[in-house]
Number of protein chains: 2
Amino acid sequence: MKFSINRQAFIKALNDVSRAISSRTTIPILTNIKLDLTDEELILTGSNADISIKITLEASDTTNQLVIDTPGGITLPATFFINIVKHLPAETLTLSVEGLQALITSGSASFKINGQPVSAYPKLPELSESKSLKVSAAQLVEIIAQTKISASTQESRPILTGIHLTLDGNQIKAVTTDSHRLSQRIVTLTGTENTEKTSVIIPAKAFNELQSLLDGQNRVEIKLSANQAVFVFGKTTFYSRLLEGNYPETDRLIPSEATTELQIDAAALSGAIDRASLLSHESRNNVILLTINGGQAQLSGNSQEVGQVNENLTAEKVTGEDLEISFNPDYVRDALRVLQGKTVELKFTTNLRPFIIIPEGETDNKQLQLVTPVRTF
Amino acid sequence: MKFSINRQAFIKALNDVSRAISSRTTIPILTNIKLDLTDEELILTGSNADISIKITLEASDTTNQLVIDTPGGITLPATFFINIVKHLPAETLTLSVEGLQALITSGSASFKINGQPVSAYPKLPELSESKSLKVSAAQLVEIIAQTKISASTQESRPILTGIHLTLDGNQIKAVTTDSHRLSQRIVTLTGTENTEKTSVIIPAKAFNELQSLLDGQNRVEIKLSANQAVFVFGKTTFYSRLLEGNYPETDRLIPSEATTELQIDAAALSGAIDRASLLSHESRNNVILLTINGGQAQLSGNSQEVGQVNENLTAEKVTGEDLEISFNPDYVRDALRVLQGKTVELKFTTNLRPFIIIPEGETDNKQLQLVTPVRTF
């Protein structure tokens, strides 16, 4: 195996692949990155058993400056190897393999590092029967950004660490809930054939890594099989295992009516919540109080040890019944951050029932954040 | 006590004072910041018992927008209070004290936070007899930057965690050593009267904090007493306790002759050292080898588990005897970083004796970095 390549193009691909590689793995070879060299391309693979990323660097793409001498393959310690490539002095580097050692040369520098054979590296899953659909990268990024905040980070109910994706006709519905809050995003696909109704649960962690790879991409092909989801875009293939089990029914949790409504600029509310949470974060229970009284809205917090905070909100519209409701400010702040730059509507029923936050004028719960209040009495 | 002030000017001063405040202190009140309000100015004080910082905001300085209503004082929990000020919505804020509670208002937001009386806060040391001299802020920053790297971080020999400052005539000499390496910087003061010979040991940690406050400053007055050093610049007074004890005699450690000399661009050598240290950091002992042979210089490293590295150095000049010398690359890299942008000379005697790194053409050891080699045979 021997090739030379443009160092910057190589670093970009190595960085992307390394998102799947963890140093804390129970399978030692997964700390390595796999290099497969054919007559036409160099394929990089990284995996942590949950997600795998494969990137192809083609000789036909001139920016890669990929010159293939002898095809072959090797796996190399990822962090160490990538660090070396980043620090090499010249514009290109040459990598040649003798036995299980890789010789890397670039300008005046040369490294020999020990690797392991490709045969010791786990195979990527093959998708036999799968459903496939296409979505724009921007839509997929929005789905992920608007839902990942409510995915649970607790392993006590593993199913809730996932994003529940339902495909139905030309719609994708994504839902997450950690049982204290819920996020939902429904998008309509354009220029795609209708699919049969199907649903999968993808680990939110995997979606998080996927999101960071989608920057600057155009279309994404999604392939779903019984236990894997695969996302194909540009020269990248992203594999994620699926979570097994039944996701809880969430539609019935979303209130369909409201008795009090508050319409306000998301950034203004976010600023007030940030200030109030400075106090609540210092207190024993992280709770703030929203008071709606005679068309006026006020946020407040009180902690005997630390002090008090009060802020009158400049709402665009306050309608319905008076209300006093307590909640965890972090949940509302996360929800508002996702809707930043917009006017939002907060819709309440009683101070014991969940309330929802939606962009002004949004219908059919297409962009919805739900928060369960905290009972303080 | 009641005043209003420009929020940005207040934040800048709070940030600077907070450099002296640690949340890990054995004296609880030192987690507070002290505010003293006179008829003309607001004085902020922070301290961690080792260092103290005092900053004065004057009503006569219009950028402060300081309007003094009622003089007085209070101490407030520093992190919490500064966080609140940073998040307030308006351009100015008003702070008024009732009993031990501070009421902070700004725009639509208002906070009440609990404080403690000024009387419970330790007094800053008063300097009775002290020597005083003036130095430019830029010179002081250079002294700190060029010496702090060799100060020890081990508390086993506390004296070595300091910077040894000797004033003699119109010269300041600063020396640090952790017993593996040594840094020395001598500067000649301009426009200052000659001082009597005196020497003090200032904790390197204190100097580190001081360095970050000196940005944009002009002249610094240094006052030295038996157990305190005080630095006065702009509206800031910086106090540091001194380390007690005798600093080791270091002049005799510096070799006065060389049998091998290497002249090279600091950045080029630094890059090669960085690459070689990628390998040495993965190895059991963090050592790289410099080989000088027939006018050629080469860096190399070898680790049975990890691999090998080799790099031919592009030196400007290599003179003297052939040499093979091993050293900790981190020490040399730190030394080169300090001299970045310059051509440096490395001067060696044997592979068991310390070698020195100086800027090209520097004489009298005015800017000197010394590194002890590692014996590998």
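Residues numbered from 1 in each chain as written. Chains lettered and ligands numbered in written order. Predicted model: local features only at pLDDT ≥ 70, side-chain atom pairs only at ≥ 80, totals over all residues. Heavy atoms only, no water.

- As annotated in an unreviewed UniProt entry, chain A carries the name Beta sliding clamp and is attributed to Fructobacillus ficulneus.
- Here is the UniProt Subcellular location (unreviewed entry) comment for chain A, exactly as written: "Cytoplasm". (UniProt positions renumbered as here; feature names shortened; annotations may be inferred.)

### Things to note about the packing of aromatic side chains
All names here are of chain A.
(1) Moving on: The final tally for this structure, using the stated rule, is 12 aromatic pairs over all chains.
(2) Moving on: With a centroid separation of 5.8 Å and an interplanar angle of 65°, the aromatic rings of Phe207 and Phe231 are classed as edge-to-face. Placement of Phe207 in helix H4 (residues 204-213) and of Phe231 in strand S16 (residues 228-233) is noted, with a sequence separation of 24 residues between them. Taken individually, Phe207 and Phe231 each receive the classification buried, so the pair is uniform in this respect.
(3) Moving on: Members of the aromatic cluster, joined through ring pairs, are Phe3, Phe10 and Phe81. (Phe/Tyr/Trp six-rings, centres within 6.5 Å; stacked < 30°, edge-to-face > 60°. Helix = DSSP H or I, 4+ residues; strand = E, 2+ residues; numbered from the N terminus. Buried < 20%, exposed > 50% of the residue type's maximum accessible area, 1.4 Å probe, protein only.)

### Section: the packing of helix H3 (residues 137-147) of chain A against H4 of chain A
Residues and elements named next belong to chain A.
(1) Moving on: For the pair H3 and H4, the least separation of the axes is 10 Å and the interaxial angle reads 140°. With respect to their mutual orientation, H3 and H4 come out oblique. Our pair here, H3 against H4, has a crossing hand that is left-handed. The segment H3 lies against H4, with Leu140, Val141, Ile144 and Ala145 engaging Phe207, Leu210 and Gln211.
(2) Moving on: Here the residues of the contact of H3 with H4 sort into six nonpolar, one polar and no charged. (Axes fitted to C-alpha atoms, helices over the stretch in contact; angles between N-to-C directions. Parallel < 35°, antiparallel > 145°, perpendicular 65-115°, else oblique. Left-handed = near helix turned anticlockwise from the far one by under 90°. Contact = heavy atoms within 4.5 Å. Nonpolar A, V, L, I, M, F, W, Y, C, P; charged D, E, K, R; others polar.)

### A few points about the pattern of salt bridges
(1) Moving on: Here the structure, examined in full by the defined rule, presents 28 salt bridges over all chains.
(2) Moving on: Taking the shortest distance from any N to any O, the salt bridge between Asp251 of chain B and Lys173 of chain B comes out at 2.8 Å. Taken together, the positions of Asp251 of chain B in the loop between strand S17 (236-241) and strand S18 (260-265) and Lys173 of chain B in strand S12 (residues 171-177) put the pair 78 residues apart, joining distant regions of the chain.
(3) Moving on: Residue classification places Asp251 of chain B among the partly exposed positions, given a relative accessible area of 40%.
(4) Moving on: Look at the salt bridges and you will find they share partners, linking Asp178, Arg181, Asp330, Arg333 and Asp334 of chain A into a network. (Salt bridge = Lys/Arg side-chain N within 4 Å of Asp/Glu carboxyl O.)

### A word on the interface of chain A and chain B
(1) Moving on: Counting residues at the interface gives 27 residues for chain A and 27 residues for chain B.
(2) Moving on: Taking both partners together, chain A and chain B bury about 2300 Å²; carbon and sulfur atoms supply 56% of that area.
(3) Moving on: The largest per-residue losses of area from chain A upon contact with chain B belong to Phe80, Arg275 and Leu278 of chain A, which jointly make up 25% of the total buried on that side.
(4) Moving on: Across the contact surface, chain A and chain B share zero salt bridges. (Buried area = accessible area lost by both parts, 1.4 Å probe.)

### A few points about the domain arrangement of chain A
Residues and elements named next belong to chain A.
(1) Moving on: Considered domain by domain, chain A is made up of domain 1 (2-120), domain 2 (131-249) and domain 3 (254-371).
(2) Moving on: Domain 1 puts 10 residues into the contact, and the matching count from domain 2 is 11 residues.
(3) Moving on: Contact between domain 1 and domain 2 buries roughly 1100 Å² in total, counting both sides, with carbon and sulfur atoms accounting for 51%.
(4) Moving on: Linking domain 1 with domain 2 are three salt bridges.
(5) Moving on: With its nearest N and O atoms 3.3 Å apart, the salt bridge here joins Arg19 to Glu209. (Domains from an automatic or database assignment.)

### What to know about the UniProt feature "domain: DNA polymerase III beta sliding clamp C-terminal" (unreviewed entry) in chain A
(1) Moving on: Cross-referencing UniProt, the feature "domain: DNA polymerase III beta sliding clamp C-terminal" (unreviewed entry) maps to residues 252-370 of chain A in the present numbering.
(2) Moving on: In this annotation, residues 252-370 of chain A is assigned 23% helix and 43% strand; the end-to-end C-alpha distance for the span is 12 Å.

### Looking at the relation of the copies chain A and chain B
(1) Moving on: Note on the identical chains: chain A maps onto chain B by a rotation of 180° and an axial translation of 0.0 Å, with an RMSD of 0.0 Å. One copy is carried onto the other by what is essentially a two-fold rotation axis. Considering only C-alpha atoms, the residue of chain A closest to the rotation axis is Arg24 of chain A, which sits at 15 Å.
(2) Moving on: Here 100% of the contact residues of chain A are again contact residues in chain B; the copies associate through an equivalent surface. (Least-squares fit on C-alpha atoms with pLDDT ≥ 70 in both.)

### Digging into the sheet that holds strand S8 (residues 101-106) of chain B
(1) Moving on: Taken in spatial order, the nine strands make up an open sheet running S23(A)-S19(A)-S20(A)-S21(A)-S9(B)-S8(B)-S7(B)-S1(B)-S5(B), and their pairing is antiparallel. Edge positions in the sheet fall to strand S23 (323-327) of chain A together with strand S5 (67-70) of chain B, since each has one partner strand and no second. Within this sheet the neighbouring strands show an average axis-to-axis angle of 15°, counted without direction.
(2) Moving on: Taken together, the five bridges between strand S7 (residues 92-98) of chain B and S8 of chain B define a ladder with antiparallel strand orientation. Across the sheet, Glu98 of chain B pairs through a bridge with Gln101 of chain B, a residue of S8 of chain B. (Pairing = 2+ DSSP bridges.)

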